[in-house]
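# Architecture at a glance
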Amino acid sequence: MSKPLTIADLKALARRRVPKMFFDYADSGAWTESTYRANEADFAGIKLRQRVLVDMTDRSLKSEMIGQKVAMPVALAPTGLTGMQHADGEMLAAKAAEEFGVPFTLSTMSICSIEDVASVTTKPFWFQLYVMKDRAFIESLIERAKKAGCSALVVTADLQILGQRHKDLRNGLSAPPKFTPKHIWQMATRPQWCLGMARTKRHGFGNIVGHATNVSDLSSLSAWTAEQFDPRLSWSDVAWIKERWKGKLIIKGILDEEDARAAADTGADALIVSNHGGRQLDGAPSSISMLPKIVEAVGDRIEVHLDGGIRSGQDVLKAVALGAKGTYIGRPFLYGLGAMGKEGVELALNIIAKEMDITMALCGKRDIRTVDRSVIAHCPY
Ligand SMILES: Cc1cc2nc3c(=O)[nH]c(=O)nc-3n(C[C@H](O)[C@H](O)[C@H](O)COP(=O)(O)O)c2cc1C
């Protein structure tokens, strides 16, 4: 294949280079995957306003998210098991993000640990927190994120119980992978991936193994989530977290106006309009379709970010135009990572930046910070 030009090209390459169970883990949504599909499809319904004969020189994508400078308003979303898309995946993606100048968010359920990522980066990254029943463990995670110099805590609110993703069950997904004939075959047909994995010692959940007590079945994500994640998590727990963290706080997984107002009431710095990439409540609306309503509901009481379905720089521009101060990409960087390691993540970011830059110019704008609803010709939401 010639050099990938789109996120779809990176996806096709990742499919060939990553064992099926891990590629499928990224490319899946809950149940019928209708929300997963809607996240992408609903961007296509928004049309841009073409402007001509306006000065297009000196363009800038530079912006800010929660007061931090970003090269473009795109962060890497927290994704579990990233070190299974490519050996040491979280460390490579964090380095690529740092060099590009965008935030990297490390998942609680990562393969490389907070300390691993801190050891290869020079600037602060963000840490995503899943709240488990064992509050002592959560306190220790918060302390470790502080010690590593993380500059934001992203609290995920939409996964206290796990949405069912059929592909993961059918594939018998686990980390480290099992060694049944089916799994051995899936890995053996991806020799480059195997070579990378043979060279690293990081094959399990780096933030948890050796840190949490009473972890009986960590390899099975669904069993472990059911056992450990706290289904009683409530808005009052956000105050508990805030008290301990004290730094910038982002609440992830808001898809409803009422919840958005509650998130603003907590005094958090930002909320992320998100349905977990269509991986939790199948049948929920797409993120982009809810964005304008949520922006209207909270006004400027809290910064509004968005993730879900972004596959191009055009999508980022549309989200910014509809009021998102920042966006996140999950699968686009995972596909880059699976396809080409760190270079693939860089490529994913460059593809998105270039598409955003050209689109912005053709809409008659030169600075992403000035992009607003005036660049939209038609929007169903
Ligand atoms: C493979 C995968 C793993 C994910 N793991 C996490 C996670 O550990 N924590 C979390 O808050 N969100 C997780 N998410 C959700 C992402 O943070 C983000 O909301 C979603 O990927 C955005 O949609 P997109 O992939 O279409 O960009 C995961 C998403 C994917 C695709």
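Further up the page is the structure itself.
Below, the structure is looked at part by part. (Residues numbered from 1 in each chain as written. Predicted model: local features only at pLDDT ≥ 70, side-chain atom pairs only at ≥ 80, totals over all residues. Heavy atoms only, no water.)

### Brief notes about the overall build of the chain
Counting its secondary structure elements, the chain contains 15 helices and twelve strands. With respect to the principal axes defined by its C-alpha atoms, the chain has extents near 60 × 50 × 40 Å. For the chain, the proportion of its 381 residues judged to be buried stands at 58%. Carbon and sulfur atoms provide 54% of the accessible area of the chain, an area that totals close to 15600 Å². The distance from the centre of the 49 positive side-chain charges to the centre of the 43 negative ones in the chain is 4 Å. (Helix = DSSP H or I, 4+ residues; strand = E, 2+ residues; numbered from the N terminus. Buried < 20%, exposed > 50% of the residue type's maximum accessible area, 1.4 Å probe, protein only. Areas by Shrake-Rupley, 256 points an atom, 1.4 Å probe, with all protein chains shown as cover. Lys, Arg positive; Asp, Glu negative; His and termini not counted. Charge placed at Lys NZ, Arg CZ, Asp CG, Glu CD.)

### Description of the site of the ligand
Residues in contact with the ligand amount to 24 residues; listed here are only the nearest, Pro78, Ser107, Tyr130, Thr156 and Asp307. Taking Gly80, its main chain carries an N or O atom lying 2.8 Å from a nitrogen atom of the ligand. At 2.9 Å, a backbone N or O of Gly330 approaches an oxygen atom of the ligand. In the complex, the protein chains occlude 99% of the 590 Å² of accessible area that the ligand would expose alone. According to the grid-proximity analysis, the pocket containing the ligand is the largest cavity. Put simply, the parts of the chain that give the shell around the ligand at least two residues each are helix 2 (20-26) and helix 15 (331-362). In terms of residue count, helix 15 provides more of the shell around the ligand than any other element does, three residues in total. (Near = heavy atom within 4 Å. Polar contact = N/O pair within 3.5 Å; in protein donor to acceptor, adjacent residues only side chain to side chain. 1 Å grid on protein atoms, 1.4 Å probe; cavity = no way out; pocket = protein on both sides within 12 Å on 5 of 7 lines; lining within 4 Å. Sits in = over half its atoms within 2 Å of the grid points.)

### Description of the sheet that holds strand 6 (residues 126-129)
Spatially, eight strands are ordered 4-11-10-9-8-7-6-5 in an open sheet, and the strand pairing comes out parallel. Across the chains shown, the open sheet's two edge strands, defined by having one partner strand only, are strand 4 (74-76) and strand 5 (105-106). Taken together, the four bridges between strand 7 (residues 152-156) and strand 8 (residues 249-254) define a ladder with parallel strand orientation. Among the inter-strand pairings, Leu153 is bridged to a residue of strand 8, identified as Leu249. (Pairing = 2+ DSSP bridges.)

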